[in-house]
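Here is how the chains run, residue by residue.
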Amino acid sequence: MAPVFPLHNGRLQHVAFDKKQRIKATISRDRVSFGENLREYCLNTTIHGLKYIGTVSLTLCERAYFFITFLVVTACSVYFISKVYIKWQSSPIIIGLNPIATHIRNIPFPAVTICNMNQLRREAAEQIKKDTLERTVLQSICSIDGDFNDTLYEGKWSAVEKMLLSSTQPCSAMLKACRYAKQPERCSEIFQSVFTDEGLCCTFNALDMLHMFRNASAPNIFPTEATSSGGRFRPILWTPEDGYAEQPSNATYPRFIAGPGVSMGLAIVLDANVSDYFCSSTSSTGFKIIFHSPSETPKITDYAQYIPVGTENRIIITPKINDAADQIRKVAQAQRQCVFASEANLSYYSVYSRNNCELECESKLILQNCGCVLYYLPKLYEETKICSRANARCYEEIRNSIAFSANTSIFCSCLPGCFEISYVPDLTSAEIQVGTFDTRETMLDNVKDKQYAKENLALIYIFVKDTYYRSFTKGELVGFTDFLSNVGGLLGLFLGFSIISLIEVIYFVTLRPYCAKRKQRATSRKELNVESNHSTTARNDLLWFGPKPATTTIQFLGHSNDQDYANGHHLRAGDNAMVKEFATKLKHLVHSRLQQANGWVRNTFRSRRTQLGRGFGQERTGTSYPFYD
């Protein structure tokens, strides 16, 4: 029987199939389409309603119903989330009472600035001659218009300072007696002179110039001739945001509030010396008093209260404390409407407040537009020109423009400090009586003239009545946590959406396609390697050689192609295996050829004998020769 050998037909053509085309065909066959990925997401997501859209067993009408419902619910959730976002962005700040009260020992006593309504003493003004430098300064301080030569007025700060110190009532003459927290004090030790828009005044409990101004060498509101709370008191730093830099005591200032009640407050006796009045910004006699933060420069003209002569006054002070939560630092200034100390950009004052910012802004605007600065405004340089009455029209227009809030060309945008303290006074007064009857107050014991007391003196008590005060705290109305909670609640209510749902979306969009693509590539390479091995095996079976032949089976006619026979004739890879298997194949081939030849010979002679026995007239029957087949 003749063996059947593999021929170069369809199998070899299949082996020669292009490698790139095979990879593309395999990938296109196994690739997960976008529709299949979307359907699988809809069936497995935790978002409500999507599984009905991806269920193919439902009718098209049912799936459209759930799809439209899902779109409507999504639109509603987006609408309500936008409302929450607008609220979060437009009004993120809320002001409320701090649940923790502040003890008065942690609050400084208010800075008290007192000015005599008389800006220049008559005795000093009458000694000033006309057409002199002093006369022009006098006209500038008293706001007197007149014809004078501007060349005589040098406009130097030193000239104005000298004139004010020599021609105004000093603090030692205005302050007759002082007492603080039941302890009599020398007025010159607890008060210091200060330049204001009302001239030379006296202030109590203000910050020292070393802590109030950035540059101590620049001209400041405290005259150099006056000592700043000298004697036994030592200055320390205090700011509204950080409080005292060190533990305050009775020997430091700014002084803290010693306690509630009139006896623990400040008591002072003032002398107006009405007979020496020369010029005033008001039409009455007496004093102007203002209460402000120790770190601020007061504005007497606009905000001070009157203390008439011949009166006894009780002023109850209520501290108004404003602070802020640290969480609102990340909110923009335009939304929180306040400035933290680290965000301040003042060039003259060290401590930020709205009042200090407005004074500095006013000074810069007048200097830019008029070329000079009013004597009581901040000045960075000694040589800065001081405005005279010749510049009155210019700087009054600037001041009016700043005060007129509708003006957008010249304005000062000064926000309040996030941490500020102010003091609200409540004043009551009565007519003073001296020598008429016995009193428990000893501060007026040395006053014997009743008429002089009624025309010139004033007694003032300044105190607080509570031990604790609550501050107004700026906090977050809608913080990020609240915003996230509201958004999560709305999404959960309408869609059943959660963080896991978001993770699912990210997975089906990014990770799953990537992993599927890698898996497809690995499968394609594996299949291609298998096909390549099959083609190499077929070629090696045909040519009987190859680099590393795979298993090969030779089939002969007449033999069964069962697994046991095939396993018995497998060839092994390797050089030695090739030689052995070649010899085995040759042996089987020779043996099979001999058997076939032997069978053919026997059949031939058998046929001949049959024909001779029947005779030559009989028909020949057909005989098959498998060898030739």
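Residues numbered from 1 in each chain as written. Predicted model: local features only at pLDDT ≥ 70, side-chain atom pairs only at ≥ 80, totals over all residues. Heavy atoms only, no water.

Q: Teacher, can you tell me more about helix H5 (residues 60-90) here?
A: Think of an α-helix as turning once every 3.6 residues; residues three or four places apart then point the same way. Counted at 1.5 Å a residue, the expected span for H5 with its 31 residues is 45 Å, and the 45 Å between its end C-alpha atoms agrees. Every buried residue of H5 is listed here: Ser77, Ile81 and Val84. Buried residues along H5 sit against helix H17 (480-494). (Helix = DSSP H or I, 4+ residues; strand = E, 2+ residues; numbered from the N terminus. Expected span 1.5 Å × (residues − 1). Buried < 20%, exposed > 50% of the residue type's maximum accessible area, 1.4 Å probe, protein only. Contact = heavy atoms within 4.5 Å.)

Q: Sorry, what's going on with the environment of tyrosine 349 here?
A: Turning to its location among the elements, tyrosine 349 is positioned in the loop between helix H13 (333-336) and helix H14 (354-370). Along the chain, tyrosine 349 and histidine 211 lie 138 residues apart, while their C-alpha atoms are 8.9 Å from each other. Once you skip the residues sitting within four places of it in the chain, tyrosine 349 turns out to touch Met212, Phe213, Arg214, Thr297, Asn356, Leu359, Glu360 and Pro378. A distance of 3.0 Å separates polar atoms of two side chains, one belonging to tyrosine 349 and the other to threonine 297. (Polar contact = N/O pair within 3.5 Å; in protein donor to acceptor, adjacent residues only side chain to side chain.)

Q: Would you mind going over the state of the cysteines with me for this structure?
A: A covalent bond bridging the sulfur atoms of two cysteines is what the word disulfide describes. Tallying each qualifying case throughout the model produces nine disulfides. Residue cysteine 142 pairs covalently with cysteine 279 via a disulfide, S to S 2.0 Å. Taking the torsion about the S-S bond as the criterion, the cysteine 142 to cysteine 279 disulfide, at about -55 degrees, is left-handed. Of this pair, cysteine 142 sits in the loop between helix H7 (133-141) and helix H8 (157-167) while cysteine 279 sits in strand E14 (residues 277-280); the two residues are 137 residues apart in sequence, bridging distant segments of the chain. Residue cysteine 279 is classed as buried on the basis of its relative accessible area of 11%. Here cysteine 361 pairs with cysteine 412 through a disulfide, and the sulfurs are 2.0 Å apart. (Disulfide = S-S within 2.5 Å.)

Q: Looking at this structure, how should I read the environment of valine 331?
A: With respect to the element layout, valine 331 can be found in the loop between strand E17 (311-324) and H13. With a relative accessible area of 12%, valine 331 lands in the buried category. Spatially, the C-alpha atom of valine 331 lies 9.1 Å from that of glutamate 476, the residues being 145 residues apart in sequence. Those residues within four positions of valine 331 in sequence are excluded, and the remaining contacts are Pro92, Ile93 and Arg336.

Q: Which parts of the structure should I look at to understand the packing of H5 against H17?
A: Helix packing geometry: the angle between the two helix axes and the distance between the axes. Running from amino to carboxyl end, H5 crosses H17 at an angle of 165 degrees, the nearest separation of the two axes being 9 Å. On the basis of their axis angle, the class for H5 and H17 is roughly antiparallel. In this structure, the crossing between H5 and H17 has a hand that is right-handed. In contact with Val73, Cys76, Ser77, Phe80, Ile81, Val84, Tyr85 and Trp88 of H5, H17 contributes Phe480, Phe483, Asn486, Val487, Leu490, Leu491 and Phe494. The residue inventory of the contact of H5 with H17, partitioned by class, reads 13 nonpolar, two polar and no charged. (Axes fitted to C-alpha atoms, helices over the stretch in contact; angles between N-to-C directions. Parallel < 35°, antiparallel > 145°, perpendicular 65-115°, else oblique. Left-handed = near helix turned anticlockwise from the far one by under 90°. Nonpolar A, V, L, I, M, F, W, Y, C, P; charged D, E, K, R; others polar.)

Q: Quick question: what am I supposed to make of the side chain of serine 353 here?
A: For serine 353, the location among the structural elements is in the loop between H13 and H14. The contacts of serine 353, once residues within four sequence positions are left out, are Glu296 and Glu420.

Q: It is not clear to me how the packing of aromatic side chains should be interpreted in this structure. Could you clarify?
A: Any aromatic ring pair is given by two values, namely how distant the centres are and how the planes are angled relative to each other. Scanning the model with the defined rule gives 15 aromatic pairs in all. Measuring from ring centre to ring centre gives 6.2 Å for phenylalanine 340 and phenylalanine 419, while their planes differ by 55 degrees; the resulting arrangement is tilted. Of this pair, phenylalanine 340 sits in the loop between H13 and H14 while phenylalanine 419 sits in the loop between helix H15 (392-403) and strand E18 (420-431), placing them 79 residues apart in sequence. By relative accessible area, which is 1% here, phenylalanine 340 ends up buried. With centroids separated by 5.4 Å and ring planes inclined at 85 degrees, the aromatic side chains of tyrosine 375 and tyrosine 376 adopt a geometry described as edge-to-face. (Phe/Tyr/Trp six-rings, centres within 6.5 Å; stacked < 30°, edge-to-face > 60°.)

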